[in-house]
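Given next are the chains, with one letter for each unit.
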Amino acid sequence: LYHQGFEPVILITQPRPGPTQPQDLPPEDIRRTLAVLAEAKVPAPAIQLLAPYVGNTADEARAVAAWVRDRHARRVLIPTDLFHTRRVQWVMERRLRPLAASARLLPVEYADITADNWWEHERGGADFEKEALKFALYFFRE
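These numbers were taken from a predicted model, which means no experiment stands behind them. (Residues numbered from 1 in each chain as written. Predicted model: local features only at pLDDT ≥ 70, side-chain atom pairs only at ≥ 80, totals over all residues. Heavy atoms only, no water.)

J.: I keep staring at the packing of helix 2 (residues 57-71) against helix 3 (residues 85-96) and nothing clicks. Help me out?
T.: Relative orientation and spacing of two packed helices are given, respectively, by the angle between their axes and the distance between those axes. Put simply, helix 2 and helix 3 touch, their axes get as near as 9 Å, and they point 40 degrees apart. As summarised for this structure, helix 2 and helix 3 are arranged oblique, according to the angle between their axes. You can see that helix 2 and helix 3 cross each other, and the crossing is right-handed. For the pair formed by helix 2 and helix 3, the contact residues are Thr-57, Ala-58, Glu-60, Ala-61, Arg-62, Val-64, Ala-65 and Val-68 on the first element and Arg-87, Val-88, Val-91, Met-92, Arg-95 and Leu-96 on the second. Its residues placed into classes, the contact of helix 2 with helix 3 shows 9 nonpolar, 1 polar and 4 charged. (Axes fitted to C-alpha atoms, helices over the stretch in contact; angles between N-to-C directions. Helix = DSSP H or I, 4+ residues; strand = E, 2+ residues; numbered from the N terminus. Parallel < 35°, antiparallel > 145°, perpendicular 65-115°, else oblique. Left-handed = near helix turned anticlockwise from the far one by under 90°. Contact = heavy atoms within 4.5 Å. Nonpolar A, V, L, I, M, F, W, Y, C, P; charged D, E, K, R; others polar.)

Rendered as structure tokens:
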């Protein structure tokens, strides 16, 4: 997406370090993400690690909203898991609307599970059920 000109900056949220995670090293998933971006020749200045650490989607939305507010951005593009899309969109809209900003979500499908066949896979059904429950929880908590 960066090389296609969709976004000039790539934001990466940082999960809270676990109890065995060294505080001076980024978590493994951050290291993998940075390695993938380096391999794709995304320049380091275009990558920003957001603070503070996040523990869930609501924390991520707050971190993105703070970045948007501080930089007067008007829109963000968020690639996310196919099943997370509706919940992430809802949470982001609630955080970004007061800032006159918006989020466009890009659902990323699995290699074998798509929007057209998710119900044919045990994992697809399980992920759908989990997201339905999470959305209900977020609806009543946020």
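J.: Help me out: how do you make sense of the side chain of Thr-57 in this one?
T.: The residue Thr-57 is located in helix 2 in this model. In terms of polar contacts, Thr-57 uses its side chain to reach the side chain of Arg-87, at 2.7 Å. In this view, Thr-57 contacts Arg-87, Val-88, Val-91 and Tyr-138; residues no more than four positions away in its chain are not counted. (Polar contact = N/O pair within 3.5 Å; in protein donor to acceptor, adjacent residues only side chain to side chain.)

J.: Mind showing me how you'd approach unusual backbone geometry here?
T.: Pro-52 follows Ala-51 through a cis peptide bond whose omega is 0 degrees. Looking at the element boundaries, Pro-52 is found in the loop between strand 2 (47-49) and helix 2. The backbone of Lys-41 sits at a positive phi, close to 65 degrees, despite the residue not being glycine. As for its placement among the helices and strands, Lys-41 is situated in the loop between helix 1 (28-39) and strand 2. With phi around 55 degrees, Ala-100 is a residue other than glycine that occupies positive phi space. Relative to the helices and strands, Ala-100 is located in the loop between helix 3 and strand 4 (102-108).

J.: Just checking my understanding: could you explain the packing of helix 3 against helix 4 (residues 122-141) for this structure?
T.: Contact geometry of helix 3 with helix 4 gives a least axis separation of 9 Å together with a crossing angle of 15 degrees. One way to sum up the angle between helix 3 and helix 4 is to call them roughly parallel. Where helix 3 crosses over helix 4, the handedness of that crossing is left-handed. Together, Arg-86, Arg-87, Trp-90 and Val-91 of helix 3 and Glu-131, Lys-134, Phe-135, Tyr-138 and Phe-139 of helix 4 make up the contact between the two elements. When grouped by side-chain class, the residues that make up the contact of helix 3 with helix 4 number 5 nonpolar, no polar and 4 charged.

J.: So what exactly am I meant to see when it comes to the environment of Glu-142 here?
T.: Counting through the fold element by element, Glu-142 comes out in the segment after helix 4. Judged by relative accessible area, which is 27%, Glu-142 ranks as partly exposed. In this structure Glu-142 touches Ala-58, Arg-62, Trp-90, Arg-94 and Arg-95, once residues within four positions along its chain are discounted. (Buried < 20%, exposed > 50% of the residue type's maximum accessible area, 1.4 Å probe, protein only.)

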